[in-house]
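# A closer look at the structure
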Amino acid sequence: MSKKKNWIYGRNVVLTGCSTGMGKEIALILAQKYACNIVGIARNEAKLQEMKRLLGDRFSYRRFDISSQQAWLEFADEMEQIGFHTDLLINNAGMIQPFLPYSGLTAQQIQTVLHTNLVSVVSACHAMIPAIKRSPFGGIVNVASASAILPVGGESIYSATKAGVWGLSACLDQELRGFGKFCSCVMPGPVKTDIYKARESEGEVGNKADNLVQNVGITAKTAAKRIVNKAIRKRKMFVKTDFIAKLMDFGMRVMPVSTMRITSKLMKSASGMVSSFYPIYAEQIEQKAQIRKMLKERKKSIYKAKTVPAQGFFAEQEHAEGQAKDTQDEQK
């Protein structure tokens, strides 16, 4: 397709998480190949300055809390005041949680992942949609994850936030298509980026997880090319960037329950070789004998008694009600 016929040529783009990984590669493609003007949003000042050096006048940046609705509203107002009429919003920023069971996460870890991955996307879309609707070429691209398709044990909050991005994107696309706009949801499988290195001090476990991704994942450059070609140029609603994401999608379409259980069993059986999986199943493995004993006893206790006496608070309540009834009978 020639540049003249390519709708993204020369568009104004707002891109979060633009300083590393897929975000950086997307910015390079859009600015260098399609002459887009990009306002990047990220946290690292040094990396943002490096992007400015690489892209020159095609690139500007802002630093603020992307989970803040007020910050996004102020940003949207600023863009209008300086005459930067946004055509495309790309929500790429995200983080992954430690490989731990849900009960092993701290409240702070839960809130951090929730706000970075989901609240930021909700806030950005809400603030920027008016500008997107005014653009003749408007669109939104939300980067979710294949974990939105197939939730994985040990990544509960990450999977939940990415599923939330999937649901929001599907709704927004239905609402925007009638205006000639679109919302695309990208679901990458493992990608060789710094996201796994950004885990909070996991030592060897974090390194093992990163090594696993390095062996099976696609490069950030490859993922970025597919995002630009499919999600942006072709305005596709859902985009799986690699074979693993497509395999996960196929499994969940054909046999969802079996796919999740098989995935869990494979991860559990591999936890001895892949140390990043071990913390997810450590308690189950260590208490294997006790769990089996409990399950056997549970089978014996099911459906044995026709009536089950109340216990604890309910027993006390039942006793009090019985005494009150006896008193009433005596008074009668």
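Structure: above.
None of these values were measured; they are calculated from a predicted model.

A grouping of K268, K288, R292, K296, R298, K299 and K300 is seen on the molecular surface, where their side chains present a positively charged patch. With six residues, the single largest contributor to the positive patch is helix α11 (residues 288-301). On the secondary structure map, K300 appears in helix α11. Given the relative accessible area of 61%, K300 is considered exposed.

Once that is clear, we can look at the sheet that holds strand β5 (residues 139-143). Taken together, the seven strands give an open sheet; going across it, the order is β3-β2-β1-β4-β5-β6-β9, and neighbouring strands pair in parallel fashion. Both edges of this open sheet fall to β3 (59-62) and β9 (238-240), since each of them pairs with a single strand only. Put simply, the sheet's adjacent strands are angled 20° from each other on average, direction ignored. Where strand β1 (residues 12-16) and strand β2 (residues 37-41) come together, five bridges link them in parallel fashion. Within β2, the residue paired with V14 across the bridge is V39. Helix α4 (residues 107-134) contacts β1, β4 (88-91) and β5 of the sheet and is inclined by roughly 175° relative to β4. Contacts between helix α5 (residues 156-177) and the sheet are confined to β5, β6 (182-187) and β9, with β6 contributing the most and set at about 155° to the helix.

Here we take up helix α3 (residues 69-81). Think of an α-helix as 3.6 residues a turn; residues three or four steps apart then line up on the same face. Its 13 residues place the ends of α3 19 Å apart at the C-alpha level, agreeing with the 18 Å of an ideal helix rising 1.5 Å per residue. Inspection of α3 places A71, W72, F75, A76 and M79 among the buried residues, and these make up the whole buried set. The buried residues of α3 occupy one face: seen down the axis, they fall within an arc of 135°. Where α3 is buried, its residues contact β1, β2, β3, β4 and α4. Count one or two residues on from α3 and you reach G83, which has phi positive near 85°.

The rules we used
Residues numbered from 1 in each chain as written. Predicted model: local features only at pLDDT ≥ 70, side-chain atom pairs only at ≥ 80, totals over all residues. Heavy atoms only, no water. Patch = residues over 30% accessible without salt bridge, like charges linked within 9 Å, V, L, I, M, F, W, Y side chains within 5 Å. Areas by Shrake-Rupley, 256 points an atom, 1.4 Å probe, with all protein chains shown as cover. Salt bridge = Lys/Arg side-chain N within 4 Å of Asp/Glu carboxyl O. Lys, Arg positive; Asp, Glu negative; His and termini not counted. Charge placed at Lys NZ, Arg CZ, Asp CG, Glu CD. Helix = DSSP H or I, 4+ residues; strand = E, 2+ residues; numbered from the N terminus. Buried < 20%, exposed > 50% of the residue type's maximum accessible area, 1.4 Å probe, protein only. Pairing = 2+ DSSP bridges. Axes fitted to C-alpha atoms, helices over the stretch in contact; angles between N-to-C directions. Contact = heavy atoms within 4.5 Å. Expected span 1.5 Å × (residues − 1). Arc of directions from axis to C-beta.

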